[in-house]
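Listed below, chain by chain, are the residues.
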Amino acid sequence: MSGEEICETHVWASLGVVSRQGAVRRIWECERCPVWTAEPFDPDHELSWDDTWLSER
Ligand SMILES: [Zn+2]
């Protein structure tokens, strides 16, 4: 492999959401190097579906 240097300040772009080991995570990938990460969702901030206007559509 060549040209895959790790940059100092990553330029994060969201690739989407996955379920990993039973937890929901958002995948972020750097636009300039191969680094990526999985952002854990805070369960304390989960809102019940029934408490949103989405459930009434
Ligand atoms: Zn980077």
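The structure contained in this document is the topic of the report that follows. (Residues numbered from 1 in each chain as written. Predicted model: local features only at pLDDT ≥ 70, side-chain atom pairs only at ≥ 80, totals over all residues. Heavy atoms only, no water.)

### Quick look at the overall build of the protein
Then step 1. Looking only at helices and strands, the protein features 0 helices and 3 strands.
Then step 2. A globule of 57 residues ought to have a C-alpha radius of gyration of about 10 Å, yet the protein, at 16 Å, is considerably larger.
Then step 3. Taken along the three principal axes of its C-alpha coordinates, the protein extends 50 × 25 × 15 Å.
Then step 4. The buried share of the protein, reckoned over its 57 residues, is 12%. (Helix = DSSP H or I, 4+ residues; strand = E, 2+ residues; numbered from the N terminus. Rg over C-alpha atoms; globule rule 2.2 N^0.38 Å. Buried < 20%, exposed > 50% of the residue type's maximum accessible area, 1.4 Å probe, protein only.)

### Regarding the side chain of Thr52
Then step 1. Mapped onto the elements, Thr52 comes out in the segment after β3 (36-40).
Then step 2. A polar atom in the side chain of Thr52 sits 2.8 Å from the backbone oxygen of Trp49. (Polar contact = N/O pair within 3.5 Å; in protein donor to acceptor, adjacent residues only side chain to side chain.)

### Examining the coordination of the zinc ion
Then step 1. Those protein atoms acting as donors to the zinc ion are Cys7 (SG), His10 (ND1), Cys30 (SG) and Cys33 (SG), and they sit at 2.1 to 2.3 Å.
Then step 2. Around the zinc ion, the 4 donor atoms sit at angles spanning 104 to 116°, and that spread fits a shape best called tetrahedral.
Then step 3. All donors of the zinc ion come from a single chain, and their spacing in sequence reads C-x2-H-x19-C-x2-C. One end of the pair, His10, is in the segment before β1 (12-20); the other, Cys30, is in strand β2 (residues 23-30), with 20 residues separating them in the sequence.
Then step 4. Classification of His10 as partly exposed rests on a relative accessible area of 25%.
Then step 5. Residue Cys30 is classed as buried on the basis of its relative accessible area, which comes to 3%. (Donors = N, O, S within 2.8 Å, 3.2 Å for Na, K, Ca; no water. Tetrahedral: all angles 85-135°; square planar, octahedral: opposite > 155°, others 65-115°.)

### Details of unusual backbone geometry
Then step 1. The backbone of Gln21 sits at a positive phi, close to 50°, despite the residue not being glycine.
Then step 2. Mapped onto the secondary structure, Gln21 falls in the loop between β1 and β2.

### Section: the sheet that holds β2
Then step 1. Spatial ordering of the open sheet is given by β1-β2-β3, a layout of 3 strands whose pairing is antiparallel. The outermost strands of the open sheet, each flanked by one partner alone, are β1 and β3. With strand direction ignored, the average angle separating the axes of adjacent strands in the sheet is 30°. (Pairing = 2+ DSSP bridges. Axes fitted to C-alpha atoms, helices over the stretch in contact; angles between N-to-C directions.)

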